[in-house]
Amino acid sequence: MKLGIVGLPNVGKSTLFNSLTKAGAESANYPFCTIDPNVGVVTVPDERIKVLGEMYHTKKVVPAAIEFVDIAGLVKGASKGEGLGNQFLANIREVDAIVHVVRCFEDSNIVHVDGNIDPIRDIETINLELIFSDIEILERRIAKAAKLCRNDKKAAKELELLNRLKAHLEESKLAKSFVTDDEEEKEWLDSYNLLTIKPVIFAANVAEDDLADDGLNNAGVQAVREYAENEDCEVFVVCAQIEQEIAELDDDEKKMFLEDLGLTESGLEKLIKASYHILGLISYLTAGEDECRAWTITRGTKAPGAAGKIHTDFERGFIRAEIVSYDDLIACGTHAAAKEKGLVRLEGKEYVVQDGDIILFRFNV
């Protein structure tokens, strides 16, 4: 899973990226201090594979991973060359979802590029830059399709779609609100890799005082939540500064620190939960003496497709899957005990994999 982090300068974007990835991206109180796209890979906390590792005395425990891409702070006019943001927008075209960091805290020591705190205005500023960037992509496609359409009906049909889509964006609407029932048009739409069609998770960055009640008394957070609900986006409340402090601690210290703040989970855990939810993802597990691993798949994936995450041969030569749920295995204590109780079952090609399934694939190529 790959997530792109965007936001205006000085909203806490790079601070959050640093704390999530411990990658040490430069962070300072002036715009454009992030001038290279920073990339960091983070493992997904999953207690289940640790427990399985102990149960199987495994040599290696491999959690699922998320790749974060942090780009320079975008400003009004970025798509037209203002600031440094536009040259990095290409770096987030390949991401699965966009994490939009929105400033919901007051701090006279940290300047806001527009002079005051207004989360919705900030969201709309970023949206416009993403829209302009998408229009630029469409204009190139239109020029190409226009040359082909004289002798090609398919190109003529695509050109008509491109013009409709461009007109939609020019009304300051996001591509994800563009509707078509035509299957071919849907395929084309997916192939354009537009920024404004991607799922969005808002990270409402608050001061420490607003963390304990999850931003309930913060007007900015409430405005972001309302906006997100209307746009079918996810929101999580985070204090980037606190996350940076948490990043320096080991697991036990982290737990105590969070408890002192009245929190049950870190910002990273909130973000992962929001990411899995908006992208419709789950994890299945494989366990044995050599390795215990978590594999991320889309909810609704059938057994052969899940097998293909491990290796294409597993999918090509799929015979059946031997499955036990994590909860059942833990309740029984051993795989043998679960098998004795009839909780280990064989499933075929039509089985839809569930979150927490522990699977052994049988295949032949």
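These numbers were taken from a predicted model, which means no experiment stands behind them.

Peer 1: Can you help me understand helix H9 (residues 251–260) in this one?
Peer 2: Residues spaced three or four apart along an α-helix face the same direction, because each turn holds 3.6 residues. Counting buried positions over the ten residues of H9 gives one, only a small fraction of the element. The opening residue of H9 is Asp250, an N-cap whose side-chain oxygen sits 3.2 Å from the backbone nitrogen of Asp252. Positioned one or two residues after H9, Gly262 has a phi angle of 80 degrees, which is positive.

Peer 1: Is there a simple way to think about the pattern of salt bridges in this case?
Peer 2: Pairs can form between side chains of opposite charge whenever their charged atoms are close. With the rule as written, the count across this model stands at 26 salt bridges. With a shortest N-O distance of 3.6 Å, Glu291 and Lys60 are connected by a salt bridge. One end of the pair, Glu291, is in the loop between strand S8 (281–286) and strand S9 (292–298); the other, Lys60, is in the loop between helix H2 (47–56) and strand S3 (61–62), with 231 residues separating them in the sequence. Looking at Glu291, the relative accessible area reads 22%, which means it is partly exposed. Owing to a relative accessible area of 44%, Lys60 belongs among the partly exposed residues under this scheme. Note that Glu160 is salt-bridged to Arg164, the shortest N-O span being 2.7 Å. Taken together, the residues Glu160 and Arg164, both in helix H5 (residues 153–170) and four residues apart, mark about one turn of the helix.

Peer 1: Explain the environment of Gln244 to me, please; I cannot follow it from the model alone.
Peer 2: Residue placement: Gln244 occurs in helix H8 (residues 240–247). Sequence separation between Gln244 and Thr21 is 223 residues; the distance between their C-alpha atoms is 9.8 Å. Non-local contacts of Gln244, meaning those with residues more than four positions away in its chain, are made with Thr15, Asn18 and Ser19.

Peer 1: Sorry, what's going on with the packing of helix H4 (residues 119–148) against H5 here?
Peer 2: Each pair of packed helices gets described by two things: the angle between the helix axes and the distance between those axes. At a minimum axis separation of 9 Å, H4 and H5 run at an interaxial angle of 155 degrees. Relative to H5, the element H4 is oriented roughly antiparallel. Here the hand of the crossing between H4 and H5 comes out left-handed. For the pair H4 and H5, contact is made by Ile131, Asp134, Ile135, Leu138, Glu139, Arg141, Ile142, Ala145, Ala146 and Leu148 and by Ala155, Glu158, Leu159, Leu162, Asn163, Leu165, Lys166, Leu169 and Glu170, respectively.

Peer 1: How should I be thinking about the packing of aromatic side chains in this particular structure?
Peer 2: Centre-to-centre distance and the angle between the planes together describe a pair of aromatic rings. One pass over the structure, following the stated rule, counts five aromatic pairs. Here Phe202 and Tyr227 contribute two aromatic rings whose centre-to-centre distance is 5.9 Å and whose plane-to-plane angle is 75 degrees, an arrangement assigned as edge-to-face. Taken as a pair, Phe202 in strand S6 (residues 200–205) and Tyr227 in helix H7 (residues 219–231) lie far apart in primary sequence, 25 residues in all. No difference in accessibility class separates Phe202 from Tyr227, as the two residues are buried. Consider the rings of Phe318 and Phe361, whose centres lie 6.3 Å apart with planes at 65 degrees: the pair is edge-to-face. Residue Phe318 is located in strand S10 (residues 318–325), and its partner Phe361 is located in strand S12 (residues 357–363); the two are separated by 43 residues in the primary sequence. Judged by its relative accessible area of 7%, Phe318 falls in the buried class.

Peer 1: Is there a simple way to think about the pairing of strand S1 (residues 2–6) in this case?
Peer 2: Residues in a regular strand point their side chains to alternate faces of the sheet. Counting buried residues in S1 gives four out of five residues, a clear majority hidden from the surface. Here S1 pairs with strand S4 (residues 65–70) via four bridges, running parallel. Bridge pairing in S4 places Lys2 opposite Glu67. Here S1 pairs with strand S5 (residues 97–103) via four bridges, running parallel. Each bridged residue has a counterpart across the sheet, and for Val6 the counterpart in S5 is His100.

Peer 1: Any chance you could explain the confidence of the model for the protein here in plain terms?
Peer 2: In low-pLDDT segments, the atomic positions of the prediction should not be examined closely. With 89% of its residues at a pLDDT of 70 or more, the protein has an overall mean of 87. Mean pLDDT in the protein bottoms out at helix H3 (residues 86–89), which sits at 58, and peaks at S10, which reaches 97. For residues 28–35, every residue scores under 50 in pLDDT, and the model assigns this stretch 24 contacts once sequence neighbours within four places are set aside. Of the regions scoring below 50 in pLDDT, residues 82–86 engages in 16 contacts with residues more than four places distant in sequence or in other chains.

Peer 1: Sorry, what's going on with helix H10 (residues 267–279) here?
Peer 2: With 13 residues, H10 should cover 18 Å at 1.5 Å per step; its first-to-last C-alpha distance of 18 Å lies within 8% of that length. Within the sequence span of H10, burial applies to Gly267, Leu268, Lys270, Leu271, Ile272, Ala274, Ser275 and Tyr276. One or two positions beyond H10, positive phi appears at Gly280, with a value near 65 degrees.

Peer 1: It is not clear to me how the sheet that holds S6 should be interpreted in this structure. Could you clarify?
Peer 2: In a beta sheet, neighbouring strands are held together by backbone hydrogen bonds and run either parallel or antiparallel to one another. Pairing within the open sheet is mixed, and its six strands lie in the order S2-S4-S1-S5-S6-S7. Edge positions in the sheet fall to strand S2 (38–43) and strand S7 (234–238), since each has one partner strand and no second. Pairs of neighbouring strands in the sheet enclose a mean axial angle of 25 degrees, with direction left out of account. Looking at chain direction, S2 and S4 are connected through six bridges and run antiparallel. Looking at S4, one finds that Val39 is bridged to Val69. Across the face of the sheet, H10 comes into contact with S1, S2, S4, S5, S6 and S7 while running at roughly 180 degrees to S7.

Reading guide: rules and limits
Residues numbered from 1 in each chain as written. Predicted model: local features only at pLDDT ≥ 70, side-chain atom pairs only at ≥ 80, totals over all residues. Heavy atoms only, no water. Buried < 20%, exposed > 50% of the residue type's maximum accessible area, 1.4 Å probe, protein only. Helix = DSSP H or I, 4+ residues; strand = E, 2+ residues; numbered from the N terminus. Polar contact = N/O pair within 3.5 Å; in protein donor to acceptor, adjacent residues only side chain to side chain. Salt bridge = Lys/Arg side-chain N within 4 Å of Asp/Glu carboxyl O. Contact = heavy atoms within 4.5 Å. Axes fitted to C-alpha atoms, helices over the stretch in contact; angles between N-to-C directions. Parallel < 35°, antiparallel > 145°, perpendicular 65-115°, else oblique. Left-handed = near helix turned anticlockwise from the far one by under 90°. Phe/Tyr/Trp six-rings, centres within 6.5 Å; stacked < 30°, edge-to-face > 60°. Pairing = 2+ DSSP bridges. pLDDT = per-residue confidence, 0-100. Expected span 1.5 Å × (residues − 1).

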